[in-house]
Amino acid sequence: MKGINGDACHDRLVAETKGILSYDSSRDFCRWKEQVAQKLAMLLGMDVIAENACPIRIEIEEITEKEDYRRIRFCYESEKENSVPAILLIPKQNKEKYPLAIVLQGHTTGYHISIGEKKYEIDDSFLPHNGYGLQAVKNGFAALCIEQRGMGITRSHRYPGPGGVHQCSFTAMRAIQLGRTVIGERVWDVSRGIDALEKMGLPEIDLQKIMILGNSGGGTAAFYAACLEERIQYAAPSCAFCSYKGSILDILHCVCNNIPHASRYFEMEDLACLIAPRPLTVLAGQKDEIFPLEAVKKSYATAKEIFGRAGAAENCNMVVMPEGHFWCPDVAWKAIGEEITKLGW
């Protein structure tokens, strides 16, 4: 047979598919937002994850005094048999309280990158630009650095190694087989991380002022966490926000980006309704090859319109960074600083 193309069937379906809950200006906005929230939670497997919930148990491992901040290493049990490694940095800037930045690494080698630690030779490629926690402290935030499920030291013992792209595929596929998603698990861990800080009762942390950020897989989790966790007041996902058609349905990504059946219901930009009217800053790479800028721009335009329907168009902004799939600290923190000023933090 001539003209065999193994992509042809899926290509046609991708082109023809329009989500049942895609944004439509004629919909009742509040009712639509409620439907989207319910469907996203279901597709992520949040109800299945909740079945394995447990009381928060915290274990402080180490407290270290640095010149500019206090560092607390601890673990918290987010669900039965799942301990989340975390590092909290509290600035020493003589303020009564500090807003909190939850920072998430993507497919680096782990959360130690957020505090500028080098564990592997490959870490030179991630430092210092991915040192989100140290950057947050410099910009007046306390920083909660969380090890994402299936990454770093939480990577499956069956497939050990320093990390990298596809490091979490085994974990992600197991989650899907169990009626969950690793994205849902990561969102759950973020929420339980906030619960852990509430339980710790640290007077220096202002838990009424929480932002979340990350690049690549960290940006993806940051976006979805902001969708479902309303205690997060501001989200700045980097190199992660893009239509499914323009990214994961067109370019090979790690399995952890996928939410089964999502395209039958909505596009990623439709989910912006779950963040609005809380501020969202979309950070995009000028030369990003896996989240192409033109596709990001189209998705952002829809998100901006959705924020307009929520009466908060000014709270949805996009900033283009001059590199590829890469967090650019100067550009990113300038944009974050502008938003924080508007929030009065």
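Cut-offs applied
- Residues numbered from 1 in each chain as written.
- Predicted model: local features only at pLDDT ≥ 70, side-chain atom pairs only at ≥ 80, totals over all residues.
- Heavy atoms only, no water.
- Buried < 20%, exposed > 50% of the residue type's maximum accessible area, 1.4 Å probe, protein only.
- Helix = DSSP H or I, 4+ residues; strand = E, 2+ residues; numbered from the N terminus.
- Pairing = 2+ DSSP bridges.
- Right-handed = clockwise from strand over helix to strand, strands pointing away.
- Expected span 1.5 Å × (residues − 1).
- Arc of directions from axis to C-beta.
- Contact = heavy atoms within 4.5 Å.
- Core = buried A, V, L, I, M, F, W, Y, C linked by side-chain atoms within 4.5 Å.
- 1 Å grid on protein atoms, 1.4 Å probe; cavity = no way out; pocket = protein on both sides within 12 Å on 5 of 7 lines; lining within 4 Å.
- Points joined across faces, edges and corners; volume = space filled by probe spheres on them.
- Nonpolar A, V, L, I, M, F, W, Y, C, P; charged D, E, K, R; others polar.

Digging into the pairing of strand β8 (residues 280–285)
In summary, the side chains of a regular strand alternate between the two faces of the sheet.
Point 1. Counting buried positions along β8 gives 6 out of 6 residues, so the element sits mostly inside the fold.
Point 2. Taking every second residue as pointing to the same face, both faces of β8 are buried, with Leu280, Val282 and Ala284 on one and Thr281, Leu283 and Gly285 on the other.
Point 3. Where strand β7 (residues 234–238) meets β8, 2 bridges bridge the pair, whose relative direction is parallel. Directly across from Ser238, in β8, lies its bridge partner Leu283.
Point 4. Sheet topology note: the β8/strand β9 (residues 316–321) ladder contains 6 bridges and is parallel. From the neighbouring strand, Leu280 faces β9, where its bridge partner is Cys316.
Point 5. Each parallel crossover has a hand, and the one from β8 via helix α8 (residues 293–309) to β9 is right-handed.

Details of helix α2 (residues 29–44)
Along an α-helix, residues three or four apart share an orientation, since each turn contains 3.6 residues.
Point 1. With 16 residues, α2 should cover 22 Å at 1.5 Å per step; its first-to-last C-alpha distance of 22 Å lies within 8% of that length.
Point 2. By the burial criterion, the buried members of α2 are Phe29, Trp32, Val36, Lys39, Leu40, Leu43 and Leu44. The arc that holds every buried residue of α2, seen down its axis, measures 125°, which confines them to one face.
Point 3. Where the residues of α2 are buried, they touch α3 (46–50), α6 (182–200), α7 (217–228) and α8.
Point 4. A positive phi of about 80° marks Gly45, the residue just after α2.

Brief notes about the environment of Gly337
Point 1. Note on placement: Gly337 falls in helix α9 (residues 329–343).
Point 2. Here Gly337 falls in the partly exposed class, since its relative accessible area comes to 32%.
Point 3. As a C-alpha pair, Gly337 and Lys297 span 40 residues in sequence and 22 Å in three-dimensional space.

Some thoughts on the nonpolar core
Point 1. The biggest cluster of nonpolar side chains holds 75 residues, and the ones touching the most others in it are Leu100, Ile102, Ile212, Tyr224, Phe266 and Leu271.
Point 2. In contact with Leu100, not counting residues within four places along its chain, are Leu88, Phe141, Ala142, Ala143, Leu144, Leu197, Ile205, Asp206, Leu207, Lys209, Ile210 and Met211.
Point 3. Formed by 27 residues, the second largest nonpolar core is a distinct cluster that contains Ala101, Tyr132, Leu213 and Met321.

A closer look at empty space enclosed by the protein
Point 1. The tally for this structure, following the rule as stated, stands at 2 cavities of 30 Å³ or more.
Point 2. A volume near 70 Å³ is recorded for the largest cavity.
Point 3. If you trace the largest cavity, you find it lined by Thr220, Tyr224, Ala240, Cys242, Tyr244, Ser247, Ile248, Asn257, Met268 and Phe291.
Point 4. Looking at the lining of the largest cavity residue by residue, the classes come out as 7 nonpolar, 3 polar and no charged.

In short, shape yes, function no, at least from these values alone.
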